[in-house]
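Each chain, written out:
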Amino acid sequence: QAASKALGHTKNITHHHQTQTTPPQYHPATPHQTSTSYETMAPSTLPLLSLAALTTAATNETSQRGWAALRTQLDAWPFTDAFAVAVGDERGNVFTYERGGLTLTSPVGTASTSKWPIAMGWLGIVADNSVKSLDEPVSNYIQWWTTDKRDPRSRVTLRHLLSFTSGFGDGAPGVAAAEGSTCMDAPSAHITYDECAKELYETSKQTGEPGT
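Our subject in this report is the structure included herewith. (Residues numbered from 1 in each chain as written. Predicted model: local features only at pLDDT ≥ 70, side-chain atom pairs only at ≥ 80, totals over all residues. Heavy atoms only, no water.)

1. Thoughts on the pairing of strand 1 (residues 83-89)
- Pairing of strand 1 with strand 2 (residues 92-99) involves 7 bridges; the strand directions are antiparallel. Opposite Val87, over in strand 2, you have Phe95 as the bridge partner.
- In this antiparallel pair of consecutive strands, strand 1 and strand 2, the connection spans 2 residues. (Pairing = 2+ DSSP bridges. Helix = DSSP H or I, 4+ residues; strand = E, 2+ residues; numbered from the N terminus.)

2. A word on the environment of Ser139
- Assignment of secondary structure puts Ser139 in the loop between helix 4 (115-127) and helix 5 (158-162).
- Measuring from C-alpha to C-alpha, the distance between Ser139 and Arg155 comes to 8.7 Å, with 16 residues separating the pair along the chain.

3. Details of the pattern of salt bridges
- Considering all chains together, one arrives at 5 salt bridges under this definition.
- Close ionic contact of Asp148 with Arg150 constitutes a salt bridge, the shortest N to O distance being 3.1 Å.
- In this structure, the salt-bridge partner of Arg155 is Glu209, at a minimum N-O distance of 2.8 Å. Taken together, the residues span a long stretch of sequence, with Arg155 in the loop between helix 4 and helix 5 and Glu209 in the segment after helix 7 (193-203) at a distance of 54 residues. (Salt bridge = Lys/Arg side-chain N within 4 Å of Asp/Glu carboxyl O.)

4. Topic: helix 7
- Three or more residues of helix 7 are buried, namely Cys196, Leu200 and Tyr201. Angular distribution of buried residues about the axis of helix 7 spans 140°; they occupy a single face of the element. (Buried < 20%, exposed > 50% of the residue type's maximum accessible area, 1.4 Å probe, protein only. Arc of directions from axis to C-beta.)

5. Section: the state of the cysteines
- This model, assessed by the stated rule, comprises 1 disulfide.
- There is a disulfide in this structure between Cys183 and Cys196, and the S-S distance comes to 1.9 Å. Torsion about the S-S bond of the Cys183 and Cys196 cystine: about 85°, corresponding to right-handed handedness. Residue Cys183 is found in the loop between helix 6 (175-178) and helix 7, and its partner Cys196 is found in helix 7; the two are separated by 13 residues along the sequence. A single burial state applies to Cys183 and to Cys196, both of which are buried. (Disulfide = S-S within 2.5 Å.)

Quick look at the structure:
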């Protein structure tokens, strides 16, 4: 039943993509599936497809058909050249897929995936009372941050920084003022995180009221 519901959910969302967004055409490797749930797919459908296949496998441990179906779909995936997938449970690793030279141990730049552990770290700091609240002004903790009430940056809180509502820049801090090169674009062993943050603080325009 769980597998059926998951597959049905995948089908419904796929059809929603077809009617609302007109996604790129994607034809899976197995012909019989093109006439059922997987006629066309957008890139965002991969997690749903994986979930459906994983549910199938998890509810039928004596059969490898669920994993084979997932592997078939991953083989046919046209939107990413190199990726790796691992699935595990209390028994350990139960499925591994690697493609395009990327393995589970390949070092990769994490980019925005760093937001989650950073946010969790801050919640832990608040939980143990090292920081009273995420709604405290940043200037309470960073000496060079302005406290001048006439400057909107003085109203920026920790929560604003974590939720990207501080009002700094247009999504690319420092780029406009530094004309394309910042400490984020060209990391150096001679600059600290604090120094890089200060550089962005000084070169990024305040384009909105904090919290908006």
